[in-house]
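Understanding the architecture of this molecule
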Amino acid sequence: MIRIVFIFIFLYLFSNSEMLRNNDEIFKEDNSSLNAIEYLHPKSHIKIFLPSIPYIYISKNTNAGLIRSDDNEQGWVYDLAKSHERIDDYTYIFEIKRNLKFQDGTPFTIDSAINNLNHFKKNPFLFSNIDKIDFEISKIDEFRLKIELKQKYELFFIDLARVFFFTDEYLKKYPTKAEETEAGTREPGPYGMGPYILKDGYAVGKEQTEKIILEANPYYWNKKYPKIKKVTVYTQLNAEEAFNNAVNFEGKLDISPIPFDKKIEAVMSKYSKLVIKKSTNNIIIFFNLINGNQKLQNREIRLALNEAIDEENILNFIYKKEGTVSPFTTSINFDIVNKIAQKHEYSKYKMSEEKKHKLLNGLKLNIFTQDRFMFLWRGLEYQLEKYGVEILYDITTSEKDIYSQLLNTHSSKNTKNWDLLTWGDDDWYYQNPWTVLFIYENNSPWSTIKNDPFMNNYIKEFFITKRDSQNYENIISKILYRARHMAYTLRVPSHNKVIAVNKEVIFEPFEGGIIPLWKTKITKNHWSIRGEQPYPEDQHTPIIPLRMK
């Protein structure tokens, strides 16, 4: 009964954080940082759930390159590099830090960097244009190297944040093979240079183990990090299990995304607090224009499906206001996308209700989705069924099942008959909308559209356009509006990150596709430190939701 009263009080006060602060008998401020353990405690251990792109999140914690993506304004920071200079459109010079070591304790030298870059040149990833760009790497001295591009390519520096360095042993085990997804977490072992060592399990996009163990790297170059000895990562929990483990039990999950309609339960929990942050992550709902329902080949039907969706209602009642309506599939939280949306008026088709009914009535659609997106699909289904659309679901708990169909559809090798597919496309490029734009690239395994000469030309121009130029805004605008005009996806609002976090964990999410485990801390009251001692009752008080900028 008391819990129910708390929930009603919370509902009344939730929209006003100042009122929450004035009710300190019911809610309290988060003071976990005051009790943080500022060293690597040998018993420290947290458990997390990564339902989307676990291979990227894990790779960015276990591996290192010259630079890495970051939440700052420029979108990156130096990692193994100490500095860099761009001489001209084609030439980069990097200086590396001193006294670097691999996770096995062996020295990392400028020759190690050159060897890895040459290996990558033969073994590129396939989600940008880097596999089509020739470049040369040369040694200047014991701490500097030079990279010379053979053609203009403005995504090169950003690509480098995904080029990781490994021991010779790892490079020999995994010879040249281009990949559509991350290839640096194929096998556990001290092969990389990131803050954590992959101790057990693996994740490479198309497949991953259900549980992955990470352990602090004793040779990490930044001696301030990490603060937690062991991290257990789960990749395939069903949505209900993940929520219960994060909110209703202690010691099962310390960090987990939760459905937007579960915010109150997360706040009222004895064990969890609610952390919310604006995000550049995306929910993409693909139309299968390769071998899906033939009616989807009709652009007007795709437009009608988009027009049938009331994004404001989805935002208010399904997202629980945790997001923003966007005119594009690409998140409005990308600075450049927001600028374009504010500056350029986009056309609303204003299709009549009669025409929408005529186009959509009787349409049957096969939906393939992870279960964690069913909260969204129930809202979409409610709106679409008003127009006579019938929805049939094929639901999985694992992203690897999504990949097995998505990455084989462009070549018509998919084994499931799907018409719409939902993917949690977390922002792995950081403030560069290529995170989403790449799904429109011709002949890409990530694309489920047919050849579009206009889009192809726009993307070619994008690759050679400098980020700080006026033309950068112009070319991205053309890509965004072309995708909208052709209705290549079913648009939904841009969403915030909504995360249940153990009360004794100090964690600030990044806006995109990085979970900064190395910066995460725990307190002396955390379950991994207390052992058999019960969780103190004075810590059961609900914590005011943490909205982070």
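Before reading further, recall that the structure is shown in the block above.
For every chain, the first residue of the written sequence is number 1, and numbering continues from 1 onward in sequence order. Predicted model: local features are reported for residues with pLDDT of at least 70 only, side-chain atom pairs are reported and counted for 80 or more only, and whole-chain, interface and lining totals are derived from all residues. Side-chain descriptors were evaluated using all non-hydrogen atoms of the structure, hydrogens and water having been removed beforehand.

Notes on the packing of aromatic side chains
Stacked, edge-to-face and tilted are the three classes for Phe, Tyr and Trp ring pairs, Trp counted by its six-membered ring, which pair at centre distances within 6.5 Å; planes under 30 degrees apart are stacked, over 60 edge-to-face, the rest tilted. The final tally for this structure, using the stated rule, is 39 aromatic pairs. Stacked on the ring of Trp 221, the Lys or Arg Lys 97 has its end atom at 4.2 Å from the ring centre. Over the ring of Phe 249 we find Lys 252, and its NZ or CZ is 4.3 Å from the ring centre. For a Lys NZ or an Arg CZ to count as sitting over a ring, it must be within 6 Å of the ring centre and within 35 degrees of the ring normal.

A closer look at the packing of helix 11 (residues 335-343) against helix 17 (residues 470-486)
Packed helices, taken two at a time, are described by the angle between their axes plus the distance between the axes. Between the N-to-C directions of two axes lies an angle of 0 to 180 degrees, each axis being a line fitted to C-alpha atoms and, for a helix, fitted only over the stretch in contact. Counting from the N terminus, the helices are DSSP H or I runs at least four residues long and the strands are E runs at least two residues long. Across the interface, helix 11 lies against helix 17 with an axial gap of 10 Å and an inter-helix angle of 75°. Judged by the angle between their axes, helix 11 and helix 17 are roughly perpendicular. Touching Ile 336, Val 337, Lys 339, Ile 340 and Lys 343 of helix 11 are Gln 470, Tyr 472, Glu 473, Ile 476, Ser 477, Leu 480 and Tyr 481, all from helix 17. Here the residues of the contact of helix 11 with helix 17 are counted per class, giving 7 nonpolar, 2 polar and 3 charged. Orientation labels follow simple angle bins: below 35 degrees gives roughly parallel, above 145 gives roughly antiparallel, 65 to 115 gives roughly perpendicular, and whatever is left gives oblique. Contacts are residue-level and defined by heavy atoms, with any inter-residue pair within 4.5 Å sufficient. Any residue outside Ala, Val, Leu, Ile, Met, Phe, Trp, Tyr, Cys, Pro, Asp, Glu, Lys and Arg is labelled polar, Gly included; the first ten of those are nonpolar and the last four are charged.

Concerning the pattern of salt bridges
Side chains bearing opposite charge may pair, as long as their charged atoms lie close to each other. Think of a salt bridge as a Lys or Arg side-chain nitrogen and an Asp or Glu carboxyl oxygen that are within 4 Å of each other. Per the counting criterion, the structure on display carries 31 salt bridges. Across the pair Arg 98 and Glu 95 runs a salt bridge, and its minimum N-O distance is 2.6 Å. Whether a residue is buried, partly exposed or exposed follows from its accessible area with a 1.4 Å probe, protein chains only, as a fraction of its type maximum: under 20%, in between, or over 50%, in that order. Overall, the relative accessible area of 38% leaves Arg 98 in the partly exposed class. For Glu 142, the salt bridge is made with Lys 139, and the minimal N-O distance between the two is 3.2 Å. For Glu 142, a relative accessible area of 48% puts it in the partly exposed group. Counted as one network, the salt bridges with shared partners bring together Lys 121, Asp 134, Glu 136 and Lys 150.

Focus on the sheet that holds strand 13 (residues 282-287)
Strands were regarded as paired on the criterion that DSSP finds at least two bridges between them. Taken together, 4 strands build an open sheet; the order of strands is 13-17-15-16 and the sheet is mixed. The sheet terminates laterally at strand 13 and strand 16 (390-396), the two strands that pair on one side only. Neighbour to neighbour, the strand axes of the sheet diverge by 25° on average, direction disregarded. Here 2 bridges tie strand 15 (residues 364-370) to strand 17 (residues 420-425), and the two strands are oriented parallel to one another. By the bridge assignment for strand 17, Phe 368 is matched with Leu 421. With respect to the sheet, helix 14 (residues 399-409) is in contact with strand 13, strand 15, strand 16 and strand 17, its orientation differing from that of strand 17 by roughly 125°.

Section: the pairing of strand 15
The buried fraction of strand 15 is high, at 5 of 7 residues. When strand 15 meets strand 16, the two strands line up parallel, connected through 7 bridges. Paired with Lys 364 across the two strands is Glu 390, which belongs to strand 16. Here the term right-handed applies to a crossover when the path leading from its first strand over the helix to its second strand runs clockwise, the strands being oriented away from the viewer. For the crossover that starts at strand 15, traverses helix 13 (residues 374-384) and ends in the parallel strand 16, the hand is right-handed.

Regarding helix 9 (residues 299-308)
Most of helix 9 is tucked away: 7 of the 10 residues are buried. Within helix 9, burial applies to Ile 301, Arg 302, Leu 303, Ala 304, Leu 305, Asn 306 and Ala 308. Buried residues in helix 9 make contact with strand 13, helix 12 (353-360), strand 15, helix 13 and helix 17. Distance and chemistry together define a polar contact, namely a pair of N or O atoms within 3.5 Å, with one atom able to donate a hydrogen and the other to accept it when in protein, and with adjacent residues in sequence counting only for side-chain atoms on both sides. The backbone nitrogen of Glu 300 has a side-chain oxygen 2.9 Å away, supplied by the residue at the start of helix 9, namely Asn 298.

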